[in-house]
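# Report on the structure
The primary structure of each chain is shown beneath.
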Amino acid sequence: MTTANLLLPLAAEQKSADVTDWAARIGWVAGLLLFVAFVYWLMRQGWKWRGSLQSDLPGLPTAPDDPGTARLTMAGRYHGSTTAGQWLDRIVAHGLGARSRVELTLTDAGLDVVRPGANDFFIPADRLRGARLDKGIAGKVLAEGGLLIVTWEHGERLIDSGFRSDRSAEHAAWVDAMTSPDEFVTANRSGTAPESATTHHTSTTEGPAR
């Protein structure tokens, strides 16, 4: 058999190769994009619906002109807020649902939460209800003890807000400063530091392990 006879079947196979069906491919891509857009729309509608359910939440307080000397400062990330003790019941009203960078400052007046690109807010000292270390909030899960959870009262709600410092070793000092809120508030009103604080480094949230 000559070389020409061997090449003829190969040439025939090349000529008979299927032509790419671009119309079908474009249709699949367009369908996928529509599906993604639909899921995103559903998420936005769910976010708006949750916000409407939380419309009774008052506007967030702002920092006073003179909050006093900083006792502690922290740079890190804000991971969201939930109803206290319910790590999946996210609060989205007034921008509390938006994750962002954060700068925290604890003073005798309270906790100043500054969020570049998102709503800042201030937690007065008499509204602080404690702090703990935990691993999850608002659907975000980190290593055990990787989140600083600050519990505070706003309106008629108890709220958990989750923060993570760029240096996680700082978390313990914040828990020590805010674990005994009554003592902390009394100290703020009298202008003296608390005599003692009980460190609480584990989650006290009831419910299934996260």
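Placed above this text is the structure.
No experiment lies behind these values; they were computed from the predicted model shown. (Residues numbered from 1 in each chain as written. Predicted model: local features only at pLDDT ≥ 70, side-chain atom pairs only at ≥ 80, totals over all residues. Heavy atoms only, no water.)

### Side note on helix 3 (residues 171–178)
Here helix 3 has its buried residues at H171, W174, V175, A177 and M178. Viewed along the axis of helix 3, the buried residues span an arc of 165°, placing them on a single side of the element. (Buried < 20%, exposed > 50% of the residue type's maximum accessible area, 1.4 Å probe, protein only. Helix = DSSP H or I, 4+ residues; strand = E, 2+ residues; numbered from the N terminus. Arc of directions from axis to C-beta.)

### Focus on the sheet that holds strand 8 (residues 147–154)
Spatial ordering of the open sheet is given by 4-3-2-1-9-8-5, a layout of seven strands whose pairing is antiparallel. Two strands lie at the open edges of the sheet, namely strand 4 (121–124) and strand 5 (128–134), each paired on one side alone. Neighbour to neighbour, the strand axes of the sheet diverge by 30° on average, direction disregarded. When strand 1 (residues 70–83) meets strand 9 (residues 157–165), the two strands line up antiparallel, connected through seven bridges. Residue pairing in the sheet places R77 in a bridge with R164 of strand 9. Here helix 3 sits on the sheet in contact with strand 1, strand 2 (100–107), strand 3 (110–114), strand 5, strand 8 and strand 9, set at roughly 150° to strand 5. (Pairing = 2+ DSSP bridges. Axes fitted to C-alpha atoms, helices over the stretch in contact; angles between N-to-C directions. Contact = heavy atoms within 4.5 Å.)

### Observations concerning the pairing of strand 3
A large share of strand 3 lies buried, amounting to four of its five residues. When strand 2 meets strand 3, the two strands line up antiparallel, connected through five bridges. Its bridge partner being in strand 3, L104 is matched across the sheet by V113. The hairpin turn running from strand 2 into strand 3, its antiparallel successor, is two residues long. Where strand 3 meets strand 4, four bridges bridge the pair, whose relative direction is antiparallel. Looking at the pairing, G110 lines up with P124 of strand 4. Between the antiparallel neighbours strand 3 and strand 4 lie six residues, among them G117 with a positive phi of about 80°.

### Some details on the pattern of salt bridges
Under the criterion given, the structure shown has nine salt bridges. Close ionic contact of D56 with R157 constitutes a salt bridge, the shortest N to O distance being 3.4 Å. You can see D56 sitting in the loop between helix 2 (22–53) and strand 1 and its partner R157 sitting in strand 9, a full 101 residues away along the chain. Residue R157 is classed as partly exposed on the basis of its relative accessible area of 23%. In this structure, the salt-bridge partner of D166 is R101, at a minimum N-O distance of 2.9 Å. (Salt bridge = Lys/Arg side-chain N within 4 Å of Asp/Glu carboxyl O.)

### A look at the pairing of strand 8
Taking burial as the measure, the eight residues of strand 8 include seven buried ones, the bulk of the element. The sheet contact formed by strand 8 and strand 9 spans seven bridges and is antiparallel. Looking at strand 9, one finds that T151 is bridged to D160. Taking the residues that link successive antiparallel strands as the turn, the strand 8-strand 9 hairpin has two residues, and the phi of G155 there is positive, at about 65°.

### Here we look at the packing of aromatic side chains
Taken as a whole and assessed by the stated rule, the structure comprises three aromatic pairs. When the ring of Y78 is compared with that of F163, the centres are 5.6 Å apart and the planes differ by 55°; the resulting orientation is tilted. In this pair, Y78 is assigned in strand 1 and F163 in strand 9, connecting sequence segments 85 residues apart. Here F121 and W152 contribute two aromatic rings whose centre-to-centre distance is 5.6 Å and whose plane-to-plane angle is 15°, an arrangement assigned as stacked. Taken together, the residues F121 in strand 4 and W152 in strand 8 connect sequence positions 31 residues apart. W152 shares its class with F121; the two are buried. (Phe/Tyr/Trp six-rings, centres within 6.5 Å; stacked < 30°, edge-to-face > 60°.)

Just distances and angles here, no functional claims.
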